[in-house]
Structure formats: C-alpha cells, structure tokens
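What follows is the residue order along each chain.
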Amino acid sequence: MRFIIAAFVPILASSFNAPVAFTSNHVSKSNSVATQNVFGMKSSTSSPVILRASEGDAEFEKKKIIVLGGDGFCGWPTCLHLSEAGHDIVMVDNLSRRNIDTELGCSSLTPIQSPEVRVQAWKEVSGKDIKFVNIDVAKEYDLLVQLLKEEKPDSIVHFAEQRAAPYSMKNSKSKRYTIDNNVSGSNNLCCAIIDSELDIHIVHLGTMGVYGYGTSGGEIPEGYIDVILPGGREANILHPAHPGSVYHATKCLDALLWQFYQKNDDLRVTDLHQGIVWGTNTPQTIKDERLINRFDYDGDYGTVLNRFLMQGAMGVPLTVYGTGGQTRAFIHVTDTAKCIEIAVNNPPQKGERVEIFNQVAETRRVRDVAALVAEQTNVEVNMLPNPRQEAAENELDVSNRKFCSLGLEPTTLDTGLFDEVTDIVKKYKDRCDPTKILPASFWNKKRAAECSNLDPNSVQIGETVNGK
C-alpha cells in the first residue's frame, strides 16, 4: 500500500529505513478473526526471537523490569505475569486511578485491594516479591531518576497515563490533566533514562487510536507507512496521526517523543498500539481473591465489551452509541500481558528506529458485539445518541503480523471467556451503581445537547441476573 502525499512533512521520512517485508497475515475487516500462525517474517532486529520463556528454560534471561502504572487495569496483571515468568518486578504507581474513582463517585465493580495487600498476597501464593514504589512520574522527576539509578532496570514498561478517552473529554480540567500527566510523564521518562546514564529499553502501551479509524484507505500497517512524496520520492514514514480525543492526542505526542529521543539519544523504544481491552482476570489474578483485577463498568472508564457484558449480566439494555457501526480492534487482558512479555524479550538494538507493534487480536463492529452479548444474556440493545465526535460507520483493516509471528495466539471474542466476565459481575453485582452506566462525558456542546435526554436515574437493574 502506497499513499501519495503532495504536501506532507518531508522531515518525517528523513531518518527511516525501508520497511520490513511481511507475509499476508493481518487482522481483517469487521467481524473477521486474526490468523494465529504466520511464517517467513523477517525480524526487524538482529536479536534472536524469544517467545515465552520462564525460569529454568535454557533461553530465559532474567531481567529487572519497572512497571510504571503497575496498579492499573493492564499494569497489575502485567506485573504478575512478568513476575511469574521469573523477572524482578518493581511496581510504580501514584494511585491516581483510585483517586479518580473518588472524583467520579464510582469504584471498580470488583473490590480491589491496596497495592501493599496485593503484593503481599502475591508473595504468599507465588513466593515471589514485587516491590511497590509510590511515585508520580509526571511530577516527581528527581525521585524517578533516583529510582532508575538505584534499581538499574533492563526494561521499563510504561502504563502510567490517564487511559480513558471519555474522561479526557469530560471538561477542561480533565483535558488539561490528561495532557499534563501523559505527555509530561513520557518526556520525564526519556529524560530520566538519559540522566541515569543507563541503557534501558522502554516498552510503551499506546493505542490504535493514533491511526484514526478507517482513515488509512486500506490496511493499517504497524507504525510506518510507504508514501510517495512530491517529486516521486519514495519513503517509509511514521503513519500520520489522526486522534479522536485528547487522550488519543497524547498518545500521538508520545509517538513523536519516542521518535525524537531515539534519533537524538539512541534510546531503545517499543511502542505498542493496543486495541480495546476486555476481560478481567488472568491466570495469575485468579490465584487469590486479593489479587483480583479492577473492573470498570461506568461510562467514562468501562471499555465497550466489558460494559456490554456487565449490562447483559445485570439485565440492563446494552448501551450502543449512535448506529453501532464503529469498527474497533479488541484484545483480551491476558494477551496484553503476553504481548508485553514478548516485547520485553525482543527489544530493538541500540540505534534502531522505534519498534512498533499493533497489539490487537481481531476487529468487530460495535453493534455486532452488542448482538453477540445480547444473544448470550437475553437483554435488549438500546441505541443511544453518540456522545463522541466520530464517524457513524467505519471499516478497520489492521496488520498484526509481528506479534503473531513472534508466537502470540490471540484470544478471540468467541472463545467462551464471556462466561468469566459474567461470573465476576454476578458475584459483585451489589457493588454496581446503575446511575453510572450511561455516558457522562461528551465530546462537544453539540454532542452534549443531543444526549441531553439521557437520564442516569432511569437505568434499572434487572430483578434476576441473566445469562445462559
């Protein structure tokens, strides 16, 4: 796929190499499933490919890994997954997500324990230590530098960003906080690595939203795209940014920061453009009730599939925004942790450009996902005015060849794991506040006006929890 760009910024193409040749495997358009096996991919690095390796395996290389944002929805299960594999884990978090729970008046459906209780429980069930450090990466720069010098990590996994698009659009305060926290945190991380004088590999959790949805005119490649510049010059450049919220804009800015610091300071960076995460528990979090992962169901932080599964299990009509024709990429939370491990095990070499993976399993239309959940739970689908400024319908064709070629076998939406989420909802249904289910953040005044008739108090929990 080549794009003809008549007036694009040529500097983006100046430092990039020719693209790696891949096979034809990719995540197809809506309702199709990612192929799980791929052959013949040429690695973009000179390092040997390392899949899942644990202590005792001949190929295992124990690493010290700092996980920024390690108390969060994706960060906590990743800490446990990497620890179980045998790595030394330092979990860093300023507990901002828990503070936002207080701000919004809506807690996790699951009763998550404090970080101190969590790491102690993990010690009891696994015999492995996870160190917890409370640092605000965006504000406490000196403490961050000190931490790097003391711990000397091999890798840093960066989850420490405000992760919800709706919350980032809620009001001026949340927009400014999202920019300040996310962009400053990423920049501070780069500066701290430089000041520490250590060679540390950054693994950053980005988002598919940096590409936009259906704006590429074809398959979305993994980070870089072939273009023809004015004068017929061929180049392979960073895919143009097309954010759909302030949150997505911060991930686009992150991507530019990685490009600059790699070029200027030889930082080694892997950027993972992830789809919408679903699921709750992982093989590690189910080992003890105190290890349970958070489950967000509200209109700001609840991801679309988890919201649908919660609503279906509670007997609440599913909240589909607009026509439901938005096609999105999905990935199970267990696969998130597996992808992080693969990225940690396969870092780019010093001097190589930023490695970018599309971290997705499959793509589906939102209304089709709703129909699937409605069929399983016997609830109605409620089409609501869309609080977001976005296209009513879009196609989404995504390449995920790299992770599949490195051994990932993606978990898809029709593998029976809906039952796990439904069981969680049934167990903790009394913790649900139905007034938090409808959307509460709107992209602009027009969208707010269109949604003005939505009444949070109108949502009623069914008398019985449904589910086949």
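Caption draft 1: Main features of the packing of aromatic side chains. This structure, assessed with the given rule, holds 4 aromatic pairs. Ring centres of Tyr-167 and Tyr-301 lie 5.7 Å apart, and the angle between their planes is 40 degrees; this geometry places the pair in the tilted category. Taken together, the positions of Tyr-167 in helix α5 (residues 165–168) and Tyr-301 in the loop between β10 (276–278) and α8 (304–313) put the pair 134 residues apart, joining distant regions of the chain. Accessibility assignment for this pair places Tyr-167 and Tyr-301 in one class, buried. On the numbers, 5.5 Å between centres and 85 degrees between planes, the contact of Trp-278 with Phe-418 is edge-to-face. Residue Trp-278 is located in strand β10, and its partner Phe-418 is located in helix α12 (residues 418–427); the two are separated by 140 residues in the primary sequence. Note on Trp-278: relative accessible area 0%, which makes it buried. We note Arg-328 situated over the ring of Tyr-213; from NZ or CZ to the ring centre the distance is 3.7 Å.

Caption draft 2: Layout of helix α3 (residues 115–126). An ideal rise of 1.5 Å per residue puts 16 Å on 12 residues; α3 measures up with 16 Å between its terminal C-alpha atoms. Looking one or two places after α3, you find Gly-127, whose phi comes out positive at around 80 degrees.

Caption draft 3: Looking closely at the environment of Ile-340. Along the polypeptide, Ile-340 turns up in helix α9 (residues 333–345). Ile-340 sits 19 residues away from Gln-359 along the chain, and the two C-alpha atoms are 9.3 Å apart. Discounting chain neighbours no more than four positions away, the residues touching Ile-340 are Thr-78, Leu-82, Val-157, Phe-159, Val-203 and Leu-272.

Caption draft 4: Up close: the side chain of Asp-271. Of note, Asp-271 is situated in strand β9 (residues 268–274). Lys-251 provides the closest opposite charge to the buried, unpaired Asp-271, separated from it by 7.1 Å. Within the structure, the side chain of Asp-271 is placed 2.6 Å from the side chain of His-204, a separation counted as a polar contact. When residues no more than four places from it in sequence are discounted, the contact partners of Asp-271 are His-204, Gly-206, Ala-255, Trp-258, Val-354, Glu-355, Ile-356 and Phe-357.

Caption draft 5: Region of interest: the packing of α8 against α12. Contact geometry for α8 and α12: axes closest at 9 Å, N-to-C directions at 60 degrees. Considering the angle they form, α8 stands oblique to α12. Judged by the sense of rotation from one axis to the other, the crossing of α8 with α12 is right-handed. Counted together, Leu-305, Asn-306, Leu-309, Met-310 and Ala-313 of α8 and Phe-418, Val-421, Thr-422 and Val-425 of α12 form the full contact between these two elements.

Caption draft 6: Inspection of the nonpolar core at higher detail. Core analysis: the largest hydrophobic core is formed by 38 residues, its most contacted members being Ile-66, Leu-68, Val-92, Leu-148, Ile-156, Ile-193 and Ile-202. Counting only elements with at least two residues in this core, the list comes to β2 (64–68), β3 (88–92), α4 (141–151), α6 (172–196) and α7 (246–265). Those residues within four positions of Ile-156 in sequence are excluded, and the remaining contacts are Ile-66, Leu-68, Leu-148, Leu-189, Ile-193, Ile-200, His-201, Ile-202 and Val-203.

Caption draft 7: Structural detail: the pattern of salt bridges. This model, assessed by the stated rule, comprises 27 salt bridges. Between Glu-362 and Arg-364 there is a salt bridge, and its shortest N-O distance comes to 3.2 Å. Pair check on accessibility: Glu-362 and Arg-364 agree, each one buried. Residues Glu-450 and Arg-447 are paired through a salt bridge, measuring 3.3 Å at the closest nitrogen-oxygen approach. Here Glu-450 and its partner Arg-447 are both found in helix α13 (residues 445–450), 3 residues apart, which amounts to about one turn of the helix. On the accessibility criterion, Arg-447 (14% relative accessible area) is buried. Through salt bridges with shared partners, one network takes in Arg-97, Asp-101, Arg-163, Arg-294 and Asp-296.

Caption draft 8: Spatial organisation of the side chain of Arg-98. One can find Arg-98 in helix α2 (residues 96–104). What Arg-98 contacts, discounting residues up to four positions off in sequence, is Asp-71, Ile-112, Gln-113, Ser-114, Pro-115 and Arg-118.

Caption draft 9: Representation of the pairing of strand β6 (residues 201–207) within the structure. The element β6 is extensively covered by neighbouring structure, given that 7 of its 7 residues are classed as buried. Side chains His-201, Val-203, Leu-205 and Thr-207 project from β6 onto one buried face, and the interleaved Ile-202, His-204 and Gly-206 project onto a second face that is buried too. Inspection of the sheet shows strand β5 (residues 155–158) paired to β6 by 4 bridges, in the parallel sense. Across the sheet, the residue bridging to Ile-156 is Ile-202, located in β6. Two elements, β6 and β9, share 7 bridges in a ladder whose sense is parallel. Within the sheet, the bridge partner assigned to Gly-206 lies in β9 and is His-273.

Caption draft 10: Looking closely at the sheet that holds β3. Strand order in the open sheet formed by 7 strands is β4-β3-β2-β5-β6-β9-β13, and the pairing between neighbours is parallel. Both edges of this open sheet fall to β4 (130–133) and β13 (355–359), since each of them pairs with a single strand only. Neighbour-to-neighbour, the strand axes of the sheet open up by a mean angle of 20 degrees, direction not taken into account. Taken strand by strand, α7 contacts β5, β6, β9 and β13, and its axis lies near 150 degrees from that of β6. The strands touched by α9 within the sheet are β2, β5, β6, β9 and β13, with β6 carrying the most contacts at an inclination of about 145 degrees.

Caption draft 11: Just the state of the cysteines, in detail. Evaluated as defined, the whole model comprises 0 disulfides. Of all cysteine sulfurs in the structure, the one in Cys-404 sits closest to Cys-339, which takes part in no disulfide; the separation is 8.6 Å. What makes Cys-339 buried here is its relative accessible area of 0%.

Caption draft 12: Molecular detail of the environment of Gly-70. Here Gly-70 lies in the loop between β2 and α1 (75–85). By relative accessible area, which is 0% here, Gly-70 ends up buried. Once you skip the residues sitting within four places of it in the chain, Gly-70 turns out to touch Gly-75, Trp-76, Cys-79, Met-91, Val-92 and Asp-93.

About the thresholds
Residues numbered from 1 in each chain as written. Predicted model: local features only at pLDDT ≥ 70, side-chain atom pairs only at ≥ 80, totals over all residues. Heavy atoms only, no water. Phe/Tyr/Trp six-rings, centres within 6.5 Å; stacked < 30°, edge-to-face > 60°. Helix = DSSP H or I, 4+ residues; strand = E, 2+ residues; numbered from the N terminus. Buried < 20%, exposed > 50% of the residue type's maximum accessible area, 1.4 Å probe, protein only. Lys NZ or Arg CZ within 6 Å of the ring centre and 35° of its normal. Expected span 1.5 Å × (residues − 1). Contact = heavy atoms within 4.5 Å. Lys, Arg positive; Asp, Glu negative; His and termini not counted. Salt bridge = Lys/Arg side-chain N within 4 Å of Asp/Glu carboxyl O. Polar contact = N/O pair within 3.5 Å; in protein donor to acceptor, adjacent residues only side chain to side chain. Axes fitted to C-alpha atoms, helices over the stretch in contact; angles between N-to-C directions. Parallel < 35°, antiparallel > 145°, perpendicular 65-115°, else oblique. Left-handed = near helix turned anticlockwise from the far one by under 90°. Core = buried A, V, L, I, M, F, W, Y, C linked by side-chain atoms within 4.5 Å. Pairing = 2+ DSSP bridges. Disulfide = S-S within 2.5 Å.

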